[in-house]
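The residues making up each chain are set out below.
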Amino acid sequence: MNIHPTAIIDSGAKVPASCTVGPYCVIGAGVEVGERCRLASHVVVEGPTKIGVDNSFFPFSAIGMAPQDISYRGEPTRLEIGDHNEIRECVTRVGDHVLIMAYAHIGHDSVIGDHCMLVNGATLGGHVTVEEWAVVGALCPVHQYVRIGAHAYVGGGTTITQDVLPFSMTSAARNTHAYGMNKVGLEREARVPKTKTRIHHAYKTLLASKMNTSQALEKLKGKTDRGEDVDMLIRFIEASERGVIK
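The structure reproduced in this document is the subject of the present report. All figures in this text were calculated on a predicted structure; none of them were measured in a lab.

**Focus on the overall build of the protein**
- Counting its regular elements, the protein contains 4 helices and 25 strands.
- Summarising its shape, the C-alpha atoms of the protein cover approximately 70 × 35 × 35 Å along the three principal directions.
- When the 246 residues of the protein are sorted by exposure, 39% land in the buried category.
- A separation threshold of at least 6 residues defines the contact pool for the protein, and within that pool the share at least 24 residues apart is 25%.
- Summing over all exposed atoms, the protein offers an accessible surface of approximately 13,200 Å²; the carbon and sulfur share of this is 52%.

Structure (structure tokens):
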């Protein structure tokens, strides 16, 4: 068996001699690994987990950990993996309290902020930034170099090719556009009423008026009591290189 001296394998795990376990891997109790599997390095596998044959696990894979269910309270779980799979490495940087659901893909050089949620099948290209508290819905492809603004909600199945405005609800129903302020998300964060009112008025100026984006920005910047959240919205739009969805 090719096991690196820094690897840790629990006495209750079953690892055939045909497997390779690289540096700093950890295999816990109740794990059963199939023939000819390869754990490259820094792979963590917890049980009960059953893994088939000829699987490759790339660095920083975490296998068999607690399920991605916010209602999970420690009930017994089990993971089974078939044969001939590649379980890839982690992404560049993920913040705190992030929920990444099954089949989500995060491309290279992406940055995921704190408290974000990537729902099943969300697919991010390379160099994507998802700012804090944003939600990317199921089966959403996100073009490379796009930014998802803080506190935004992207509806399921929406194709994102431009930056998504902070605090917005953006969906692919008919044409992809921002429907308005993400009221539910802001309520979850317990935002003070005055702050929500300012954001709401800012969105009315951006989306409901007949002004173009430049005109709307000038009007927003002319308000002296707009607050930090509206300032963040203005900065986000001014920094956009691909344009924003309205």
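**Quick look at the environment of Leu 206**
- You can see Leu 206 is positioned in helix 2 (residues 193-208).
- What makes Leu 206 buried here is its relative accessible area of 3%.
- Excluding anything up to four places from it in sequence, Leu 206 contacts Ala 216, Leu 220, Leu 233, Ile 237 and Lys 246.

**Let's talk about the layout of surface pockets**
- Estimated volume of the second largest pocket: approximately 330 Å³.
- Together, 16 residues line the second largest pocket, and His 115, Met 117, Trp 133, Val 135 and Arg 188 are the ones closest to its centre.
- It is helix 1 (residues 183-188) that contributes the most residues to the lining of the second largest pocket, 3 residues altogether.

**Brief notes about the environment of Ile 9**
- With respect to the helices and strands, Ile 9 occurs in strand 2 (residues 8-9).
- The class for Ile 9 is partly exposed, based on a relative accessible area of 27%.
- Here the alpha-carbon distance between Ile 9 and Val 31, two residues 22 residues apart in the chain, equals 9.5 Å.
- Sequence-distant contacts of Ile 9, that is, excluding residues within four places in its chain, are made with Ile 3, Val 15, Val 21 and Ile 27.

**Quick word on the sheet that holds strand 24 (residues 168-171)**
- Read across the sheet, 6 strands follow the order 14-17-20-23-24-25 without closing on themselves; strand pairing throughout is mixed. Each edge of the sheet is formed by a strand with only one pairing partner; in this case those strands are strand 14 (99-100) and strand 25 (177-181).
- Judged from the 2 bridges that link them, strand 23 (residues 153-154) and strand 24 form a sheet pairing that is parallel. Counterpart to Val 154 in the pairing with strand 24 is Thr 170.
- Sheet strands in contact with helix 2 are strand 24 and strand 25, and its direction is about 150° off that of strand 25.

**Details of helix 2**
- For helix 2, with 16 residues, the first-to-last C-alpha span of 21 Å sits near the 22 Å given by 1.5 Å per residue.
- Those residues of helix 2 that sit buried are Thr 195, Ile 199, Ala 202, Tyr 203, Thr 205 and Leu 206. Looking down the long axis of helix 2, one finds its buried residues gathered within 155° of arc, a one-sided arrangement. Exposed positions of helix 2 whose direction lies more than 90 degrees from the buried face are Pro 193, Lys 194 and Ala 208.
- Residues of helix 2 that are buried make contact with strand 24, strand 25, helix 1, helix 3 (213-221) and helix 4 (227-238).

**Structural notes on the environment of Tyr 145**
- Mapped onto the elements, Tyr 145 comes out in the loop between strand 21 (141-142) and strand 22 (147-148).
- Along the sequence, Tyr 145 and Asp 10 sit 135 residues apart, while their C-alpha atoms lie 42 Å from each other.

**Points about the packing of aromatic side chains**
- Per the counting criterion, the structure on display carries 0 aromatic pairs.
- The aromatic ring of Phe 236 is capped on one face by Arg 147, whose charged end is 4.0 Å from the ring centroid.

**Describing the packing of helix 3 against helix 4**
- At a minimum axis separation of 11 Å, helix 3 and helix 4 run at an interaxial angle of 150°. When the interaxial angle is binned, helix 3 and helix 4 end up roughly antiparallel. In the crossing of helix 3 with helix 4, the sense of the turn from one axis to the other is left-handed. In contact with Thr 213, Leu 217, Leu 220 and Lys 221 of helix 3, helix 4 contributes Ile 234, Ile 237 and Glu 238.
- Grouping the constituent residues of the contact of helix 3 with helix 4 by class yields 4 nonpolar, 1 polar and 2 charged.

Basis of the calculations
- Residues numbered from 1 in each chain as written.
- Predicted model: local features only at pLDDT ≥ 70, side-chain atom pairs only at ≥ 80, totals over all residues.
- Heavy atoms only, no water.
- Helix = DSSP H or I, 4+ residues; strand = E, 2+ residues; numbered from the N terminus.
- Buried < 20%, exposed > 50% of the residue type's maximum accessible area, 1.4 Å probe, protein only.
- Contact = heavy atoms within 4.5 Å.
- Areas by Shrake-Rupley, 256 points an atom, 1.4 Å probe, with all protein chains shown as cover.
- 1 Å grid on protein atoms, 1.4 Å probe; cavity = no way out; pocket = protein on both sides within 12 Å on 5 of 7 lines; lining within 4 Å.
- Points joined across faces, edges and corners; volume = space filled by probe spheres on them.
- Pairing = 2+ DSSP bridges.
- Axes fitted to C-alpha atoms, helices over the stretch in contact; angles between N-to-C directions.
- Expected span 1.5 Å × (residues − 1).
- Arc of directions from axis to C-beta.
- Phe/Tyr/Trp six-rings, centres within 6.5 Å; stacked < 30°, edge-to-face > 60°.
- Lys NZ or Arg CZ within 6 Å of the ring centre and 35° of its normal.
- Parallel < 35°, antiparallel > 145°, perpendicular 65-115°, else oblique.
- Left-handed = near helix turned anticlockwise from the far one by under 90°.
- Nonpolar A, V, L, I, M, F, W, Y, C, P; charged D, E, K, R; others polar.

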